[in-house]
Amino acid sequence: MKRKRRHLKWVGAAACALLLCAWIGTFWSAFGYQTRTVVVVLSVGCFEVSVYPKGMPTQAPGWFAAWQPYEVYWLPRLIHGTFITSRTTHVFVPLWIPLVLVGVATILAFRHDWRFAPGHCQMCDYDLRGDFSTGCPECGWEREDVS
Ligand SMILES: [Zn+2]
């Protein structure tokens, strides 16, 4: 359990770094995948899903990328548009939202480790000097009944 949490916080830190790079990167680039009717793309600071119910005859399905300065969408958006004659739907989820969520969880994971130093009680931080065999005399954590 402890080992898993220790591992998770580094996964969280790596995810934060990746999300930050992806978010900043999308201010100037677009990268995604499209089928005939659906486009999934990282762009304008967002994860965007666009649906073209009648297809995009001018676009070839597959991966695509573009580089240029984009207007950044800071808030989630749902946009209905038209493409030639069909109605389209565009959903934008700003990447700072998962960044903040993962970031807070990661900070909490790090703080947990700072608060409870190695060798200390995991409940109250009493210094057990690394000896967990009898639990904690301070708060009773993992302690067998010794009466
Ligand atoms: Zn304790």
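Participant: Help me understand the overall build of the chain, please; the structure alone is not making it clear to me.
Facilitator: When helices and strands are tallied, the chain shows two helices and six strands. Secondary structure of the chain in N-to-C order comes out as α-β-β-β-β-β-β-α. Since a compact globule built from 147 residues should have a radius of gyration of about 15 Å, the 24 Å found for the chain marks it as more spread out than a globular shape. C-alpha atoms of the chain, sized along the principal axes, occupy 80 × 30 × 25 Å. Buried residues in the chain amount to 11% of all 147 residues. For the chain, long-range pairs separated by at least 24 residues make up 51% of all intrachain contacts whose partners lie at least 6 apart in sequence.

Participant: I would appreciate a short explanation of the sheet that holds strand E6 (residues 86-94) in the present structure.
Facilitator: Backbone hydrogen bonds are what pair the strands of a sheet, in a parallel or an antiparallel way. Ordered in space as E4-E1-E2-E3-E6-E5, the six strands form an open sheet in which the pairing is antiparallel. In the strand order of this sheet, the two ends are held by strand E4 (62-67) and strand E5 (77-83), each with one partner. When the angles between neighbouring strand axes are averaged without regard to direction, this sheet yields 20°. Direction of pairing for strand E3 (residues 46-51) relative to E6: antiparallel, over a ladder of six bridges. Note on E6: the bridge partner recorded for Phe 47 is Val 93.

Participant: What's the story with the pairing of E3 in this structure? I'm lost.
Facilitator: When a strand is regular, its side chains alternate between the sheet's two faces. As paired elements, strand E2 (residues 38-43) and E3 share six bridges and run antiparallel to each other. Considered in E3, the bridge of Leu 42 is made with Phe 47. Taken together, E2 and the strand that follows it, E3, pair antiparallel across an intervening segment of two residues, in which Val 44 is found at a positive phi of about 45°.

Participant: Help me out: how do you make sense of the nonpolar core in this one?
Facilitator: Ranked by size, the top nonpolar core spans five residues in total: Trp 23, Cys 46, Phe 47, Phe 92 and Leu 95. Discounting residues that sit within four places of it in the chain, Phe 47 has contacts with Leu 42, Val 93 and Leu 95.

Participant: Would you mind showing me how to read the pairing of E6 here?
Facilitator: The sheet contact formed by E5 and E6 spans seven bridges and is antiparallel. Note that in E6 the partner of Phe 83 across the bridge is Ser 86. The turn linking E5 back onto E6 is made up of two residues, and Ile 84 within it adopts a positive phi angle of 55°.

Participant: What exactly am I supposed to notice about the environment of Gly 62 here?
Facilitator: Counting through the fold element by element, Gly 62 comes out in strand E4. Given 8 C-beta atoms within a 10 Å radius, Gly 62 is considered exposed. Each C-alpha atom of the pair Gly 62 and Arg 36 lies 9.2 Å from the other, and the pair is 26 residues apart in sequence.

Each value, and the rule that gives it
Residues numbered from 1 in each chain as written. Predicted model: local features only at pLDDT ≥ 70, side-chain atom pairs only at ≥ 80, totals over all residues. Helix = DSSP H or I, 4+ residues; strand = E, 2+ residues; numbered from the N terminus. Rg over C-alpha atoms; globule rule 2.2 N^0.38 Å. Buried ≥ 20, exposed ≤ 12 C-beta atoms within 10 Å, placed from the backbone. Contact = placed C-beta atoms within 7 Å. Pairing = 2+ DSSP bridges. Axes fitted to C-alpha atoms, helices over the stretch in contact; angles between N-to-C directions. Core = buried A, V, L, I, M, F, W, Y, C linked by C-beta atoms within 7 Å.

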